[in-house]
Amino acid sequence: MAQLPILEFPDPRLRKVAAPVTVFDERFRTLVEDMLETMYQAEGIGLAATQVNVHQRLLVLDLSGEKDSPQVFANPEFEVIEQELHEHQEGCLSVPGFFEEVRRPRAIRVRAQDQHGKSFELEARGVLAVCIQHEIDHLDGKLFVDYLTPLKRQRIRGKLLKEQRKSA
Ligand code: NI
């Protein structure tokens, strides 16, 4: 397994819209393994392929805290089943060090495929619903900072650019 570099806001590659996964082969499963490894190493609970500069509709999650319950979603789609908005503090491996409240629908029904291309469906609420919506946003070129005020977003952008220059 390999650890992949994670793109950081405001990198323009985070704005690309990902294409559907069409081939579920060994190479694809290696990507899934590498993304899980990258997420675990970074102490994250979710990672979208976009964040490692692979523009395919794929995301991985593990909300267990034990790093032993990986979930794989290829070509994920969701519908809202509870319109009521729920506020939750979000962070992102592509926006390191920043945590902000974001409002999203409380419950969703998700349809996706696993690493072998097998379709599945699940209902998600709470943190799982937040994470899936956050990661699907990545596949559409969207980041959680887009839900903040322009002022807040600019401030985060400025601070991260400064950090990135320092470490470049
Ligand atoms: Ni994220």
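The structure we're discussing is the one just above.
This write-up is about the structure you can find in this document. Once a new chain begins, its residue numbering starts again from 1 and follows that chain's sequence as written. Whole-chain, interface and lining totals are the exception, using all residues; otherwise, since this is a predicted model, local features are given only for residues with pLDDT of at least 70 and side-chain atom pairs are given and counted only at 80 or more. Excluded from the side-chain calculations are hydrogens and water; all other atoms, namely the structure's heavy atoms, are used.

1. Points about the coordination of the nickel ion
Quick reminder of the rule: A donor here means any N, O or S atom no more than 2.8 Å from the metal (3.2 Å for Na, K and Ca); water is not included, so a site may seem to lack partners. Where helices and strands are cited, they refer to DSSP runs of H or I of at least four residues and of E of at least two residues respectively, numbered from the N terminus.
Those donors, Cys-92 (SG), His-134 (NE2) and His-138 (NE2), are the protein atoms that reach the nickel ion, and they lie 2.1 to 2.2 Å from it. Mapping the donors of the nickel ion onto the primary sequence gives the spacing C-x41-H-x3-H. Of this pair, Cys-92 sits in the loop between β3 (71-90) and β4 (100-113) while His-138 sits in helix α2 (residues 126-139), placing them 46 residues apart in sequence.

2. Things to note about α2
Every α-helix winds through 3.6 residues per turn, so residues three or four apart in the chain are directed the same way. Formally: In a helix, the anticipated span is given by 1.5 Å times the number of residues less one. Each residue's exposure class comes from its accessible area (1.4 Å probe, protein chains only) as a fraction of the maximum for that residue type: buried when under 20%, exposed when over 50%, partly exposed otherwise. In what follows, a contact means two residues having at least one pair of non-hydrogen atoms within 4.5 Å.
For α2, which comprises 14 residues, the first-to-last C-alpha distance of 21 Å matches the rise-based estimate of 20 Å (1.5 Å per residue) to within 8%. Taken together, the buried positions of α2 are occupied by Leu-128, Ala-129, Val-130, Cys-131, Ile-132, Gln-133, His-134, Glu-135, Ile-136, Asp-137, His-138 and Leu-139. For α2, the elements touching its buried residues are β1 (46-48), β2 (58-61), β3, β4 and β5 (119-125). Among the residues trailing α2, Gly-141 stands out with phi positive, at a value near 80°.

3. Topic: the pairing of β2
Where we set the bar: Strand pairing follows a simple DSSP-based rule, namely that at least 2 bridges must link the two strands.
Every second residue of β2 is oriented toward a common face, with Leu-58 and Val-60 on one face and Leu-59 and Leu-61 on the other, all of them buried. Bridge analysis of β1 against β2 gives three bridges, and the strand direction is antiparallel. The residue of β2 that forms the bridge with Leu-47 is Val-60. Here β2 pairs with β3 via four bridges, running antiparallel. Directly across from Val-60, in β3, lies its bridge partner Val-72.

4. A few points about the packing of aromatic side chains
Inclusion rule: Each aromatic pair joins two rings of Phe, Tyr and Trp (for Trp, the six-membered one) with centres within 6.5 Å, and gets the label stacked for planes under 30 degrees apart, edge-to-face for over 60, and tilted for any other angle.
A full pass over the atoms with the stated rule returns two aromatic pairs. Considering the side-chain rings of Phe-24 and Phe-28, the 5.1 Å spacing of their centres and the 75° angle between planes classify their relative orientation as edge-to-face. There is no split in this pair, since Phe-24 and Phe-28 are both buried. Note on Phe-73 and Phe-120: the rings are 5.5 Å apart at their centroids and 55° apart in plane angle, and the pair reads as tilted. Pair noted here: Phe-73 is in strand β3 and Phe-120 is in strand β5, with a separation of 47 residues, a long-range link. Exposure remark for Phe-73: the relative accessible area of 0% places this residue in the buried category.

5. Here we look at the pattern of salt bridges
Just so we agree on the cut-off: Between Lys or Arg on one side and Asp or Glu on the other, a salt bridge is scored when a side-chain nitrogen of the former is within 4 Å of a carboxyl oxygen of the latter.
The tally for this structure, following the rule as stated, stands at 15 salt bridges. Close ionic contact of Arg-104 with Glu-90 constitutes a salt bridge, the shortest N to O distance being 2.7 Å. Placement of Arg-104 in strand β4 and of Glu-90 in strand β3 is noted, with a sequence separation of 14 residues between them. Under the relative-accessibility criterion, Glu-90 is labelled buried at 3%. For Arg-109, the salt bridge identified is with Glu-123, shortest N-O distance 3.0 Å. In this pair, Arg-109 sits in strand β4 while Glu-123 sits in strand β5, placing the two residues 14 residues apart along the sequence. Where salt bridges share partners, they join Glu-79, Arg-109, Arg-111, Glu-121 and Glu-123 into one cluster.

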